[in-house]
Amino acid sequence: QVQLVESGGGLVQAGGSLRLSCAASGNIISIKNMGWYRQAPGKQRELVAQITSAGITNYADSVKGRFTISRDNAKNTVYLQMNSLKPEDTGVYYCNAENYSPTVFRYLEVWGQGTLVTVSS
């Protein structure tokens, strides 16, 4: 089993910054993509940013230019630097990783428990 542990959420004023971290541990074979998703109250979970093992990134249009995703493959850790935060960025942020399973010969998704980000106006 692989576990993802997030940290770094909290309360911040609009215009402020936060940095989220997510560390993977356990039976790690090979992690392909890692990413951050968020779920605002009353809304569906949505992709915020994703990064491949080669460092190729993908962002939601709503966060482009404000958020930066990065990863440290040696530490199996992914980060999300969030700048110029807006009240609409409020939500629970979930870490996601795709770890290879030699049992089923494919990558399986793993989710963290989520960390709350609240941006006040």
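Here, the structure is the one placed above.
Criteria and thresholds
Residues numbered from 1 in each chain as written. Predicted model: local features only at pLDDT ≥ 70, side-chain atom pairs only at ≥ 80, totals over all residues. Heavy atoms only, no water. Disulfide = S-S within 2.5 Å. Helix = DSSP H or I, 4+ residues; strand = E, 2+ residues; numbered from the N terminus. Buried < 20%, exposed > 50% of the residue type's maximum accessible area, 1.4 Å probe, protein only. Phe/Tyr/Trp six-rings, centres within 6.5 Å; stacked < 30°, edge-to-face > 60°. Lys NZ or Arg CZ within 6 Å of the ring centre and 35° of its normal. Salt bridge = Lys/Arg side-chain N within 4 Å of Asp/Glu carboxyl O. Lys, Arg positive; Asp, Glu negative; His and termini not counted. Polar contact = N/O pair within 3.5 Å; in protein donor to acceptor, adjacent residues only side chain to side chain. Contact = heavy atoms within 4.5 Å.

Asks: Describe in detail the state of the cysteines, supporting the description with residues and values.
Replies: Inspection of the entire model under this criterion finds one disulfide. Here Cys22 engages in a disulfide with Cys95; their sulfurs sit 2.1 Å apart. The sign of the S-S torsion, about -85 degrees, decides the handedness of the disulfide formed by Cys22 and Cys95: left-handed. Here Cys22 is found in strand E3 (residues 18–26), whereas its partner Cys95 is found in strand E9 (residues 91–101), with 73 residues between them in sequence. Cys22 sits in the buried class, given a relative accessible area of 0%. Taking relative accessible area as the criterion, Cys95 reaches 0% and is therefore assigned buried.

Asks: Please provide a residue-by-residue account of the packing of aromatic side chains, values included.
Replies: Enumeration according to the criterion identifies two aromatic pairs in this entry. When the ring of Tyr37 is compared with that of Trp111, the centres are 5.0 Å apart and the planes differ by 65 degrees; the resulting orientation is edge-to-face. Placement of Tyr37 in strand E4 (residues 31–39) and of Trp111 in strand E10 (residues 106–111) is noted, with a sequence separation of 74 residues between them. Looking at Arg19, its charged tip hangs above the ring of Tyr79, at a distance of 4.2 Å from the centre. When the ring centre of Trp111 is taken as reference, the NZ or CZ atom of Arg45 above it lies at 4.7 Å.

Asks: Can you lay out the pattern of salt bridges for me, pointing to particular residues and giving the numbers?
Replies: Two side chains that carry opposite charge are able to pair once their charged atoms sit near each other. Applying the stated criterion across every chain yields a total of five salt bridges. Put simply, Asp89 and Arg38 hold a salt bridge, and the shortest N to O gap is 2.9 Å. Of this pair, Asp89 sits in the loop between strand E8 (77–82) and E9 while Arg38 is found in strand E4, placing the two residues 51 residues apart along the sequence. A relative accessible area of 6% means that Arg38 is categorised as buried. Between Arg66 and Asp89 there is a salt bridge whose closest N-O contact spans 2.8 Å. Highlighted residues: Arg66 in the loop between strand E6 (57–59) and strand E7 (67–72) and Asp89 in the loop between E8 and E9, separated in sequence by 23 residues. Classification of Arg66 as buried rests on a relative accessible area of 12%. Residue classification places Asp89 among the buried positions, given a relative accessible area of 1%. Through salt bridges with shared partners, one network takes in Arg38, Glu46, Arg66 and Asp89.

Asks: Go over the side chain of Arg71, please, and point to the residues and values.
Replies: Relative to the elements of secondary structure, Arg71 occurs in strand E7. The charged side chain of Arg71 is buried without a salt bridge, its nearest counter-charge being Asp72 at 8.2 Å. At 3.3 Å, the side chain of Arg71 forms a polar contact with the backbone oxygen of Ile51. Looking at Arg71, its side chain comes within polar contact range of the main-chain oxygen of Thr52, at 3.2 Å. Those residues within four positions of Arg71 in sequence are excluded, and the remaining contacts are Ile31, Lys32, Asn33, Met34, Ile51, Thr52, Ser53, Thr77, Val78 and Tyr79.

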